[in-house]
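One letter stands for each residue in the lines below.
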Amino acid sequence: QVQLVESGGGLVQAGGSLRLSCAASGRTYAMGWFRQAPGKEREFVAAISWSSTTTSFLDSVKDRFTISRDNAKNTVYLQMNSLKPEDTAVYYCAARTNKAVSVYRFDHQYWGQGTQVTVSS
């Protein structure tokens with residue numbers, strides 16, 4: 001069983017930056033980040049393959065967020081720059097037992113508990 005623990009969320013002003021981390025307790029393959037704002041569906045944000053050769057992003061964050069991983073530490077990171085109020089959400093780390101990235105929630109078998117990101121205007 002894989003456990004995922006996110007950290008790094010918080011309150012930041014618009015234009016600021018945050019870096020989220022997700023530490024995995026077991027072996028994981030492709031990993032991703034999703035987010036859920038109040039009253040909205042959980043949506044895909046970013047994903048990275050096991051080898052880090054493939055990444056994928058939500059269009060609205062593509063030029064502002066980067067995703068990376070350190071397999072030696074079993075950790076994936078989401079660097080978020082130029083944050084906007086519309087980025088406010090609970091951010092969830094997800095992992096799947098497949099090396100290829102996926103943008104779909106149902107493709108991910110493991111989920112973290114979420115970390116709150118609030119961007120003030």
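Residues numbered from 1 in each chain as written. Predicted model: local features only at pLDDT ≥ 70, side-chain atom pairs only at ≥ 80, totals over all residues. Heavy atoms only, no water.

### A look at the side chain of Asp-87
Point 1. Relative to the helices and strands, Asp-87 is located in the loop between β8 (75–80) and β9 (89–95).
Point 2. Within the structure, the side chain of Asp-87 is placed 2.7 Å from the side chain of Arg-64, a separation counted as a polar contact.
Point 3. Discounting chain neighbours no more than four positions away, the residues touching Asp-87 are Arg-35, Val-61, Arg-64, Phe-65, Val-117 and Val-119. (Helix = DSSP H or I, 4+ residues; strand = E, 2+ residues; numbered from the N terminus. Polar contact = N/O pair within 3.5 Å; in protein donor to acceptor, adjacent residues only side chain to side chain. Contact = heavy atoms within 4.5 Å.)

### Things to note about the pattern of salt bridges
Point 1. Under the definition given, this model contains six salt bridges.
Point 2. Arg-105 is the partner of Glu-41 in a salt bridge, and the nearest nitrogen-oxygen pair spans 3.8 Å. In this pair, Glu-41 is assigned in the loop between β4 (31–36) and β5 (43–48) and Arg-105 in the loop between β9 and β10 (110–111), connecting sequence segments 64 residues apart.
Point 3. The exposure class of Arg-105 is partly exposed, given its relative accessible area of 39%.
Point 4. Residue Arg-64 pairs with Asp-87 through a salt bridge whose shortest N-O separation is 2.7 Å. Taken as a pair, Arg-64 in the loop between β6 (55–57) and β7 (65–70) and Asp-87 in the loop between β8 and β9 lie far apart in primary sequence, 23 residues in all. (Salt bridge = Lys/Arg side-chain N within 4 Å of Asp/Glu carboxyl O. Buried < 20%, exposed > 50% of the residue type's maximum accessible area, 1.4 Å probe, protein only.)

The quantities given are spatial measurements derived from coordinates; they are silent on function.
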